[in-house]
Amino acid sequence: MTILVTGATGVVGRQVVGQLTAAGERVRALSRRPQEAELPDGVEVVGGDLDEPAGLAPALRGVDRLHLFPHPATAREVVALAKDAGVRRIVVLSAAAVTVGMDTVMHPVVEEAVRESGLEWTFVRPAGFMTNMLQVWAPMVRAERVVRYPYGDDPGASPVHEADVAAVAVAALREDGHHGKAYTLTGPARVTVREQVAAIGAALGEEVRYEEVSRERARAILRAQGGFAARSADLLLGFVDYEGGDDTGANDGFEKLMEPWPDLAEALGRPGRTYQEWARDHAADFR
């Protein structure tokens with residue numbers, strides 16, 4: 001059995017490749033830049049782009065199961081090619097925004113294409129990732145052992161470890177019993193910004209201070225950092241709304257996704273990893 005992983009060098013895809021390989025599965029990884037993929041030994045890395053479905057035939061040859069990165073523009077064509085190539089099962093990396101009706105135009109397009117294919121399917125719908133703030137806070141922590149951000153003592157969200165998202169996808173790819181299910185994935189508990197910063201400090205074995213600042217001050221800090229932090233500042237800090245569908249009920253949708261959901265434990269038979277575990281896993285990134 002060969003499993004094709006698209007989005008193989010992404011935050012989740014890289015974890016899916018690693019976990020499948022560790023489980024002894026034959027893995028083929030799709031990458032637009034295969035020479036730069038840096039994936040585990042034994043993984044067959046092939047060049048390809050979901051933007052160009054016509055070129056995917058070699059990557060799909062002999063594939064039984066597919067981990068599909070969401071790309072609405074070509075989803076129907078890619079799924080049709082996969083079915084023609086003999087793929088029997090597709091696991092989609094989707095988003096929890098679909099569950100609460102906040103995304104009606106992006107991930108649902110991919111889900112619909114897969115559902116209508118007649119193939120076995122599972123939708124993996126993560127909410128916020130623990131790793132979302134890595135590129136935002138790590139520069140501050142590395143430079144000054146401080147995080148300057150607002151909302152320090154707000155009730156917080158229940159972010160999920162990227163390794164757990166991958167673990168659910170891997171279970172759905174390898175095991176029976178997940179067909180026809182959509183798993184909305186969160187972490188096991190709500191955690192405040194202040195608690196997250198404390199966990200990072202504990203993982204480093206050093207004090208990392210939390211300094212409450214206004215949204216405006218935080219936006220200036222993130223914009224000065226450049227890169228992902230600058231691009232995401234307005235969304236992270238609430239200056240713009242989530243884009244992806246009807247904003248009606250958006251606040252209610254966000255609040256629903258702040259609470260822990262049971263789906264991850266249902267899929268894996270164990271609770272999700274805690275934020276403290278995530279911080280230890282990423283201590284080197286903050287050091």
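Source: prediction; values computed, not measured.

Broken down by element type, the chain carries 14 helices and nine strands. Taken over the C-alpha trace, the chain has a radius of gyration of 19 Å; the compact-globule value for 287 residues is 19 Å, and the two agree within 12%. C-alpha atoms of the chain, sized along the principal axes, occupy 55 × 45 × 35 Å. Counting the 287 residues in the chain, one finds 49% classified as buried. Considering only contacts in the chain between residues 6 or more positions apart, those separated by 24 or more positions represent 73%. As displayed, the chain offers around 13,100 Å² of accessible surface, 48% of which is attributable to carbon and sulfur atoms. Averaging the positions of the 31 positive and the 42 negative side-chain charges in the chain gives two centres separated by 3 Å.

Moving on: the pattern of salt bridges. This structure, assessed with the given rule, holds 23 salt bridges. Residue Arg33 is joined to Glu36 by a salt bridge in which the shortest nitrogen-to-oxygen separation is 3.5 Å. Here Arg33 falls in the partly exposed class, since its relative accessible area comes to 44%. For Arg65, the salt bridge goes to Asp64, with nearest N and O atoms at 2.9 Å. Summarising the burial analysis for this pair, Arg65 and Asp64 share the class buried.

Conventions we followed
Residue positions are given per chain, counted from 1 along the sequence in the order it is written. Local features in this predicted model are restricted to residues of pLDDT 70 or higher, and side-chain atom pairs are both shown and tallied only at a pLDDT of 80 or more, whereas totals for entire chains, interfaces and linings draw on every residue. Each side-chain value is derived from all of the structure's non-hydrogen atoms; neither hydrogens nor water enter the calculation. Strands are runs of DSSP state E lasting at least two residues, helices are runs of H or I lasting at least four, and both sets are numbered from the N terminus onward. The globule rule used here is 2.2 Å times the number of residues to the 0.38 power, and the radius of gyration it is set against is calculated over C-alpha atoms. Between buried and exposed lies partly exposed: a residue is buried under 20% and exposed over 50% of the maximum accessible area for its type, with that area taken using a 1.4 Å probe on protein chains only. Whether two residues touch is decided by their heavy atoms; if any such pair falls within 4.5 Å, the residues are in contact. Exposure was quantified through the Shrake-Rupley algorithm and a 1.4 Å probe, taking into account, for residues, occlusion by the shown protein chains and nothing else. Only four residue types enter the tally: Lys and Arg on the positive side, Asp and Glu on the negative side, with His and both chain ends excluded. Charge positions are represented by NZ for Lys, CZ for Arg, CG for Asp and CD for Glu. A pairing counts as a salt bridge when a side-chain nitrogen of Lys or Arg comes within 4 Å of a carboxyl oxygen of Asp or Glu.

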